[in-house]
Amino acid sequence: KFLPPALELLFSSLADESMSATASKSILRLCSSCRRHLSMDVDAFISEYHRVSTGRQLDCIASERTIGALGSVAQALPGLKHRYTTYATILQLVEDELRNSKALSGLALTNGIPCPDTLQDENASLHNALKALRCLCSVGKGVQVPADMVDPETLNNPSERADIELESTQRK
């Protein structure tokens, strides 16, 4: 009851450069520990992340933490179809970062990258590509839960195989 409004406040704090590190850390902790209670609000959280990240207001660390938090909440969704669709949406956000990296490939300097640890002569395209990879790793960490670990012995059992939605998301 009180968690979604608290997270909405934290998401709004992401746009403030002085608060983004603390807000993203809190978002990650809340989403990781309370994922089951937040799963029904994951679409609103994704929309809020998209709004903030589209405005280029997030530094790399805040982006990495926040998108990993979204993966944690998506992992707790009750239906496989909704879970896989949400994973695909989150992966689309990472793909958008890769597209931005490709668009920046002609620029030599870090024009418009809001990261405090950016070097003066760092390549903007490379910086965004590394950010996208770190975000992808963070999503992977977020969706992991010890109870959901895959047993290699069940991979050959057709009843244990993932459905078509998961396979199409993995192919992307």
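Preceding this paragraph is the structure being described.
No experiment lies behind these values; they were computed from the predicted model shown. (Residues numbered from 1 in each chain as written. Predicted model: local features only at pLDDT ≥ 70, side-chain atom pairs only at ≥ 80, totals over all residues. Heavy atoms only, no water.)

Draft legend 1. Geometry of the overall build of the protein. Each helix and strand counted, the protein has eight helices and zero strands in total. Counted from the first residue to the last, the protein has its helices and strands arranged as α-α-α-α-α-α-α-α. In the form shown here, the protein has an accessible surface area of approximately 10,100 Å², with 57% of it arising from carbon and sulfur atoms. (Helix = DSSP H or I, 4+ residues; strand = E, 2+ residues; numbered from the N terminus. Areas by Shrake-Rupley, 256 points an atom, 1.4 Å probe, with all protein chains shown as cover.)

Draft legend 2. Broad picture of the packing of helix α6 (residues 80-103) against helix α7 (residues 124-143). For the pair α6 and α7, interaxial distance at closest approach is 7 Å and the crossing angle is 165°. Judged on the interaxial angle alone, α7 and α6 are roughly antiparallel. Of the two elements, α6 crosses α7, and the hand of that crossing is left-handed. Only Ser125, Asn128, Ala129, Lys131, Ala132, Cys135, Leu136, Val139 and Val143 of α7 make contact with α6, whose side of the interface consists of Tyr87, Ile90, Leu91, Val94, Glu97, Leu98, Asn100, Ser101 and Lys102. Looking at the contact of α6 with α7 residue by residue, the class counts come to eleven nonpolar, four polar and three charged. (Axes fitted to C-alpha atoms, helices over the stretch in contact; angles between N-to-C directions. Parallel < 35°, antiparallel > 145°, perpendicular 65-115°, else oblique. Left-handed = near helix turned anticlockwise from the far one by under 90°. Contact = heavy atoms within 4.5 Å. Nonpolar A, V, L, I, M, F, W, Y, C, P; charged D, E, K, R; others polar.)

Draft legend 3. Quick look at the pattern of salt bridges. Using the criterion set out here, one finds five salt bridges in the structure. Where Glu95 meets Arg99, a salt bridge forms, and the shortest distance between an N and an O atom there is 3.4 Å. Of this pair, Glu95 and Arg99 are both found in helix α6, four residues apart, which corresponds to roughly one turn of the helix. Taking the relative accessible area as the measure of exposure, Glu95 reaches 26% and is therefore partly exposed. For Arg99, a relative accessible area of 45% puts it in the partly exposed group. Taking the shortest distance from any N to any O, the salt bridge between Arg99 and Asp96 comes out at 2.9 Å. (Salt bridge = Lys/Arg side-chain N within 4 Å of Asp/Glu carboxyl O. Buried < 20%, exposed > 50% of the residue type's maximum accessible area, 1.4 Å probe, protein only.)

Draft legend 4. Structural view of the nonpolar core. Leu7, Phe11, Leu14, Ile27, Ile67 and Leu70 are the most contacted members of the largest nonpolar core, which has 30 residues in total. Sorting the residues of this core by element identifies α1 (3-13), α2 (20-33), α4 (42-54), α5 (60-75), α6 and α7 as the ones contributing at least two each. Considering every element that reaches this core, the biggest residue donor is α5, with six residues. Apart from residues lying up to four places away in sequence, Phe11 is in contact with Ile27, Phe45, Glu48, Tyr49, Val52, Thr66 and Leu70. (Core = buried A, V, L, I, M, F, W, Y, C linked by side-chain atoms within 4.5 Å.)

Such coordinate-based values are descriptive only and should not be taken to indicate function.
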